[in-house]
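Residues per chain, in single letters:
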Amino acid sequence: MELIIRNTDSQPIYEQIAAQLRRQILSGALAPGEALPSIRGLAKDLKISVITTKRAYDELEAAGFINTVAGKGCFVAEQNLELVRAQQLQQLSAQLAEAVELGRSCGMTEPELTALLRRKWEDTP
């Protein structure tokens, strides 16, 4: 499991961790039932605070992506990935509609908005 943390990113570190783990779970790179690194272990590997790692894991657990078993650790939750994916696609569609509306209000052309999206895609781990 590889996580890339960017200190220069405006997104908080715990959100970067949660987003990357969420993507790995949804893509199948992390399988249901698979153990995640311990909170302390991940914090040490990434050279960040244990509190930051715990917050990322807490977010993932609240969203139903992972389960915590006392004394054993955190594991990828069993879930209906198709349902989760459909919900996320709905959310993405709504956010893209907002981006198009904002782009139009700024006077952007479709090629300009497409180029901006492409740059964002390439800049995100």
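This write-up is about the structure you can find in this document. (Residues numbered from 1 in each chain as written. Predicted model: local features only at pLDDT ≥ 70, side-chain atom pairs only at ≥ 80, totals over all residues. Heavy atoms only, no water.)

## Quick look at the overall build of the chain
Next up, step 1: Within the chain, the secondary structure is distributed over five helices and two strands.
Next up, step 2: Listed N to C, the secondary structure of the chain is α-α-α-β-β-α-α in terms of helices and strands.
Next up, step 3: Each of the three principal axes of the chain carries a C-alpha extent, and together these read 55 × 35 × 20 Å.
Next up, step 4: For the chain, the proportion of its 125 residues judged to be buried stands at 22%.
Next up, step 5: Considering only contacts in the chain between residues 6 or more positions apart, those separated by 24 or more positions represent 49%.
Next up, step 6: When the accessible surface of the chain is split by element, carbon and sulfur atoms take 54% of a total near 8,800 Å².
Next up, step 7: Averaged over its 14 positive side-chain charges, the chain has a centre that lies 5 Å from the centre of its 16 negative ones. (Helix = DSSP H or I, 4+ residues; strand = E, 2+ residues; numbered from the N terminus. Buried < 20%, exposed > 50% of the residue type's maximum accessible area, 1.4 Å probe, protein only. Contact = heavy atoms within 4.5 Å. Areas by Shrake-Rupley, 256 points an atom, 1.4 Å probe, with all protein chains shown as cover. Lys, Arg positive; Asp, Glu negative; His and termini not counted. Charge placed at Lys NZ, Arg CZ, Asp CG, Glu CD.)

## A few points about the nonpolar core
Next up, step 1: By size, the foremost hydrophobic cluster in this structure holds 20 residues, and its most contacted members are Ile 17, Leu 21, Leu 36, Tyr 57 and Ile 66.
Next up, step 2: Sorting the residues of this core by element identifies α1 (13-27), α2 (39-46), α3 (50-62) and β2 (73-76) as the ones contributing at least two each.
Next up, step 3: Discounting chain neighbours no more than four positions away, the residues touching Leu 36 are Met 1, Leu 30, Tyr 57, Ile 66, Cys 74 and Val 76. (Core = buried A, V, L, I, M, F, W, Y, C linked by side-chain atoms within 4.5 Å.)

## Re α2
Next up, step 1: Along α2, the residues that are buried comprise Leu 42, Ala 43 and Leu 46. Projected down its long axis, α2 shows its buried positions confined to an angular sector of 100°, all on one face. Seen from the open side of α2, the exposed residues pointing more than 90 degrees away from its buried face are Arg 40, Lys 44 and Asp 45.
Next up, step 2: On its buried face, α2 sits against α1 and α3.
Next up, step 3: Looking one or two residues past α2, Lys 47 carries a phi angle of roughly 60°, positive in sign. (Arc of directions from axis to C-beta.)

## Examining unusual backbone geometry
Next up, step 1: You will see that Lys 47, though not glycine, has its phi angle at about 60°, which is positive.
Next up, step 2: As for its placement among the helices and strands, Lys 47 is situated in the loop between α2 and α3.
Next up, step 3: We classify Lys 47 as exposed; its relative accessible area is 75%.

## What about a nonpolar patch on the surface?
Next up, step 1: Together, Leu 89, Leu 92, Leu 96 and Leu 117 make up an exposed nonpolar region whose accessible area comes to about 350 Å².
Next up, step 2: At three residues, helix α4 (residues 81-105) tops the list of elements feeding residues into the nonpolar patch.
Next up, step 3: The topology assignment puts Leu 117 in helix α5 (residues 110-123). (Patch = residues over 30% accessible without salt bridge, like charges linked within 9 Å, V, L, I, M, F, W, Y side chains within 5 Å. Salt bridge = Lys/Arg side-chain N within 4 Å of Asp/Glu carboxyl O.)

## What to know about the packing of aromatic side chains
One pair of aromatic rings is described through two measures. These are the centre distance and the angle between the planes.
Next up, step 1: Evaluated as defined, the whole model comprises zero aromatic pairs.
Next up, step 2: Above the plane of the ring of Tyr 14 lies Arg 55, whose end atom (NZ or CZ) is 3.8 Å from the centre. (Phe/Tyr/Trp six-rings, centres within 6.5 Å; stacked < 30°, edge-to-face > 60°. Lys NZ or Arg CZ within 6 Å of the ring centre and 35° of its normal.)

## Brief notes about α3
Next up, step 1: Its 13 residues give α3 an end-to-end C-alpha distance of 18 Å, which sits within 8% of 18 Å, the value for a rise of 1.5 Å per residue.
Next up, step 2: Every buried residue of α3 is listed here: Thr 53, Ala 56, Tyr 57 and Leu 60. Down the axis of α3, the buried set is contained in an arc of 95°. They therefore lie on one face. Along α3, the residues that are exposed and aim more than 90 degrees away from the buried face are Ile 51 and Ala 62.
Next up, step 3: Residues of α3 that are buried make contact with α1, α2, β1 (66-69) and β2.
Next up, step 4: The opening residue of α3, the one whose side-chain oxygen lies 3.0 Å from the backbone nitrogen of Ile 51, is Ser 49.
Next up, step 5: Gly 64 sits one or two residues past α3 and shows a positive phi near 85°. (Expected span 1.5 Å × (residues − 1). Polar contact = N/O pair within 3.5 Å; in protein donor to acceptor, adjacent residues only side chain to side chain.)

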